[in-house]
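Overview (structure and organization)
Take a look at the letters that make up each chain.
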Amino acid sequence: MRIKRTFLRGSALGRFFASCVPRGFSEELGLGPAGPGDLSGGRSAPFVMTGPPGPETLINGRRYLYFGGTGYFGLQAHQDMVRAGVKAWRKYGMHSAASRTGFGNNPVLSDLEKRIAEYFGAGDSVYFASGYLSALFMAQGMAGRFDAVFVDENSHFSVLDGAFSARKPLLFYRHMDPSDLRARLRAELKPGQRPLVVTDGVFPAFGAIAPVRELARELEPYDGALCLDDAHGVGVLGENGRGTCEHSGLEPGGGVIMSGTLSKAFGGYGGFVPGTPELISRIRRTVGAYGGTNCVPVPVAAASAKGLELVRSHPEWRRKLRHNVARLRKGMKKLGFDTGDSPVPIVAWTLSGADEMKKVQAALLDRGIAVAYMKYSGTPDCGVLRASVFSSHTDAQIDRLLAELSGLV
Ligand SMILES: Cc1ncc(COP(=O)(O)O)c(C=O)c1O
């Protein structure tokens, strides 16, 4: 018998089960989202990208005007990054075939961590193999400093997996709802217990920005911490591109920890946590995914460092990105879709159902335009149509998407 998720979510019984049953079993009981499910969007064959991403790209051998993925500054094939990667590859090989707690350190990796720390105004940082591991690094790095994890119910799969990996009772609060978090904290914590709240900074389905100041405020009565997986915020949001915290006027440090990825706005690859030297040292000493694996490939780290430097030295790209996002949102509004006024370069909307959305995606592809139809964390069951905006899109390209859409919806 399948027990309803709503019954166990957030309940004392749910907390008990989450703390003592293996994950697969806890999912069967409906304790947490049962994994991503089918993310294929109903496609029988995957799209195959036969060129680097950018405002135009090759998919299945055909050229498209491209509004997919997360290469917000179109850096993934930037020649400075390619050169930096190849140079490091020649000098160091792929990697040192050792973990960073052994012989796996390398000047390129250490230099990248220094640059990440500088970019975010932090004392230190740690760089690791994938943005997907961000929440795992934060939650395990905080192990022993909290008694229960509270997670936004629409969080990205990586946030859920990372929160599960903390091996502590796991509870959900309603999506972007600080007052529900407050109720959960009051109901579930015993006196003296410490909460860890983990959430996306920017939710990838609709590009919503988490109410981080309000969430942090709810934690004030407790000796807790807020962890933000800011994969989509870093590089893009805030005056200096430091992400959701900067955008929201919240200082990371103390009870607020953030992570990011180099694979989206920065055009490189790999996840990172900037933080105090004490936090980063604890992560390095205690997280298995740092000490129990080969270091990140050195060419990837070298190219990523160049990407970080490029974004840092081109604040005008962020301004151009905001202009492009505003242009697309304004145009969508004229078509009858209110996608808000967020500066996040993710513009998503739904139509009457999955079939209708698939039809529109197919019709756009016929016209040489690629937007995503996706089922993902935080999308309704029918999925969403989602256009990603890049700083490198021209006004004319955005207008063309809008013009084609207006004939279809
Ligand atoms: C919130 C969030 N965290 C982490 C990731 C994974 O990042 P990466 O692709 O760099 O591994 C994603 C991916 O899209 C994401 O949306």
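Residues numbered from 1 in each chain as written. Predicted model: local features only at pLDDT ≥ 70, side-chain atom pairs only at ≥ 80, totals over all residues.

With that out of the way, let us pick up the overall build of the protein. Looking only at helices and strands, one finds 16 helices and 12 strands in the protein. Over its C-alpha atoms the protein spans a radius of gyration of 21 Å, differing by no more than 12% from the 22 Å that the globule rule assigns to 409 residues. With the principal axes as the frame, the protein shows a C-alpha extent of 60 × 55 × 40 Å. Looking at the protein residue by residue over its 409 residues, the buried ones come to 47%. Counting only contacts in the protein whose residues sit at least 6 apart along the sequence, the fraction spanning at least 24 positions is 70%. (Helix = DSSP H or I, 4+ residues; strand = E, 2+ residues; numbered from the N terminus. Rg over C-alpha atoms; globule rule 2.2 N^0.38 Å. Buried ≥ 20, exposed ≤ 12 C-beta atoms within 10 Å, placed from the backbone. Contact = placed C-beta atoms within 7 Å.)

Let us look at the site of the ligand. Around the ligand, a shell composed of 14 residues is seen, among which Gly 131, His 156, Ala 231, Thr 261 and Ser 263 lie nearest. Here the residues of the shell around the ligand are counted per class, giving 3 nonpolar, 9 polar and 2 charged. (Near = placed C-beta within 6 Å. Nonpolar A, V, L, I, M, F, W, Y, C, P; charged D, E, K, R; others polar.)

Next up on the list: the pairing of strand E1 (residues 56–59). The pairing of E1 with strand E2 (residues 62–67) spans 4 bridges and is antiparallel. Within E2, the position partnered with Leu 58 by the bridge is Arg 63. Hairpin connection, E1 to E2: the antiparallel pair is bridged by 2 residues, and Asn 60 has positive phi, about 50°. (Pairing = 2+ DSSP bridges.)

Let's shift gears to helix H16 (residues 395–406). For H16, built from 12 residues, the straight-helix expectation of 16 Å at 1.5 Å per residue is met to within 8% by its first-to-last C-alpha distance of 16 Å. Inspection of H16 places Ile 398, Leu 401 and Leu 405 among the buried residues, and these make up the whole buried set. Around the axis of H16, the buried residues are gathered within 60° of arc, so they sit on the same side. Among the exposed residues of H16, those oriented more than 90 degrees off its buried face are Asp 395, Ala 396, Ala 403 and Ser 406. Looking at the buried positions of H16, the neighbouring elements they touch are E2, helix H14 (315–334), strand E11 (369–374) and strand E12 (384–388). (Expected span 1.5 Å × (residues − 1). Arc of directions from axis to C-beta.)

This part covers the sheet that holds strand E9 (residues 271–275). Ordered in space as E3-E9-E8-E7-E6-E4-E5, the 7 strands form an open sheet in which the pairing is mixed. Where the open sheet ends on each side, the last strands, each with one partner, are strand E3 (124–128) and strand E5 (170–173). Averaged over all neighbouring strand pairs, the angle between strand axes comes to 20°, with direction disregarded. Of the pairings in the sheet, the one linking strand E6 (residues 195–200) to strand E7 (residues 225–229) comprises 5 bridges and is parallel in character. Residue Thr 199 lies in a different strand from E7, and its bridge partner there is Leu 228. (Axes fitted to C-alpha atoms, helices over the stretch in contact; angles between N-to-C directions.)

What follows is about the sheet that holds E1. Strands sit in the order E1-E2-E11-E12-E10 across an open sheet of 5 strands; the sheet is mixed. Of all strands in the sheet, those bounded by a partner on one side alone are E1 and strand E10 (346–349). The sheet shows a mean angle of 45° between the axes of neighbouring strands, direction not considered. Taken together, the 3 bridges between E11 and E12 define a ladder with antiparallel strand orientation. Residue pairing across strands places Met 374 opposite Val 384, the latter belonging to E12. Running at roughly 95° to E2, H16 makes contact with E2, E11 and E12 of the sheet.

Further remarks concern unusual backbone geometry. At Asn 60, a position not held by glycine, the phi torsion is positive, near 50°. Along the chain, the position of Asn 60 falls in the loop between E1 and E2. Of note, Arg 167 is a non-glycine position whose phi angle comes to about 55°, a positive value. Mapping Arg 167 onto the fold places it in the loop between helix H7 (157–164) and E5. The class of Arg 167 is partly exposed, set by 13 C-beta atoms lying within 10 Å.

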